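# Working through the structure, step by step
Now for the letters of each chain:
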Amino acid sequence: MAVFTPLSDAQVAAFLKRFDVGHFVSLQGVAGGTENSTFFVTTDRCELVLTLFEQGEHDELPFFVDLLDYLDEHRLPVPGPVHDHEGIALHSLSNKPALLFPRMPGRHPEAPNLAQCQALGDTLGRLHGVSQHFSGHRPNPRDLHWLQAMHHKVLTYLSPDDQTLMKNEVDDFESAFSQYAELPQGAIHGDLFRDNTLFDGDALGGIIDFYNGCTGDLLFDLAIVINDWASNEDGTLNAERYDTLLSAYQARRPLTQDERDVWPVMLRMTALRYWLSRLLVVYVDPPAHDLTPHDPERFHTILNARIAHGALPLPEADL
Ligand SMILES: Nc1ncnc2c1ncn2[C@@H]1O[C@H](COP(=O)(O)OP(=O)(O)O)[C@@H](O)[C@H]1O
Ligand SMILES: N[C@@H](CCOP(=O)(O)O)C(=O)O
């Protein structure tokens, strides 16, 4: 369930009057989602999504609005927040910060086909091309500093072998990244899993849920995508999806030599990032609401596969 704050039709009808979106017709709570209350809203003119922010740093919401506005202006398939008659997007409803978005078409792909991987790689490459010039700033909350600070909290719940694995990996990341100057930077999605995309057939209808969005290493975003989109059941890389996605990405933004060199480590680091964040949810900081946590084991498996097999060779940029 993902309606933590119920809303009445009358509340939403009154709220919509600030915007140029037509008259209220109906309201439906959205079952998916984990953090915020989400509603589909139909008016006599369009389909919208209303989000009430239940948790997180509310003072960071202007960053997300600016980022989505910026990407929308650059014609990326993201839900650009709807601004009211005075040009304001961020409002309050039922004492919660509220944003209204256009409803994007499509469904989450469970087993993405190659055309969908191509579309995602192309769009992410385009997104990173423009996001390097975005002026906003929000440090990556799940970067190496976070791993270093947080991994101690879960060690007691792990087997001795896994404790050693986690500690050794964090040490390895530290020494690997210290050998490089800054990698290419920009705004990143930060959590671009399949369930944060919507596909209408093979067409990418939208990228949603930018609330892990931040600024940092572009390669971090790409590695999250590859681990989720191009891993087989046993955690190994799926060569076809891997090549398709990375070729499409590099046709828009070729990786630098430093990025290519550090790529296998970045795949491991982002795998460990999710192994750790999911362990923290299960053992240390369970959600306030009755939600089934994501399985940490999935990213333990992916991490072990990356350690055992490394990364597949990166396709050359085909310009
Ligand atoms: N702009 C949108 N267009 C279409 N569907 C959306 C949109 N935003 C959210 N959704 C739907 O609502 C669900 C929950 O939204 P999400 O932002 O992922 O919530 P949470 O932050 O709680 O995880 C998504 O899985 C998707 O099905
Ligand atoms: N998509 C993630 C959940 C979001 O990550 P978090 O670090 O903000 O908890 C997952 O699948 O675990």
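From a predicted model like this one, the values you see are computed outputs, not experimental measurements.

## Things to note about the packing of aromatic side chains
Considering all chains together, one arrives at 11 aromatic pairs under this definition. Pairing tyrosine 70 with phenylalanine 134 gives two aromatic rings, centres 5.1 Å apart and planes at 55 degrees, and the pair type is tilted. Here phenylalanine 134 lies in the loop between helix H3 (114–131) and helix H4 (144–150) and tyrosine 70 lies in helix H2 (residues 61–73), a separation of 64 residues in the sequence. Owing to a relative accessible area of 14%, tyrosine 70 belongs among the buried residues under this scheme. Pairing tyrosine 274 with phenylalanine 299 gives two aromatic rings, centres 5.2 Å apart and planes at 35 degrees, and the pair type is tilted. Here tyrosine 274, found in helix H9 (residues 257–284), pairs with phenylalanine 299, found in helix H10 (residues 296–309); they are 25 residues apart in sequence, far enough to count as distant. For phenylalanine 299, a relative accessible area of 3% puts it in the buried group.

## Brief notes about the pattern of salt bridges
Across all of its chains, the model carries 9 salt bridges by this definition. For arginine 252, the salt bridge goes to aspartate 122, with nearest N and O atoms at 2.7 Å. In this pair, arginine 252 sits in helix H8 (residues 239–252) while aspartate 122 sits in helix H3, placing the two residues 130 residues apart along the sequence. A residue is classified by how much of its surface remains accessible, and arginine 252, at 44% relative accessible area, is partly exposed. In this structure, the salt-bridge partner of arginine 253 is glutamate 259, at a minimum N-O distance of 2.8 Å. Among the charged side chains, a salt-bridge network with shared partners connects Glu169, Asp172 and Arg268.

Definitions and limits used
Residues numbered from 1 in each chain as written. Chains lettered and ligands numbered in written order. Predicted model: local features only at pLDDT ≥ 70, side-chain atom pairs only at ≥ 80, totals over all residues. Heavy atoms only, no water. Phe/Tyr/Trp six-rings, centres within 6.5 Å; stacked < 30°, edge-to-face > 60°. Helix = DSSP H or I, 4+ residues; strand = E, 2+ residues; numbered from the N terminus. Buried < 20%, exposed > 50% of the residue type's maximum accessible area, 1.4 Å probe, protein only. Salt bridge = Lys/Arg side-chain N within 4 Å of Asp/Glu carboxyl O.

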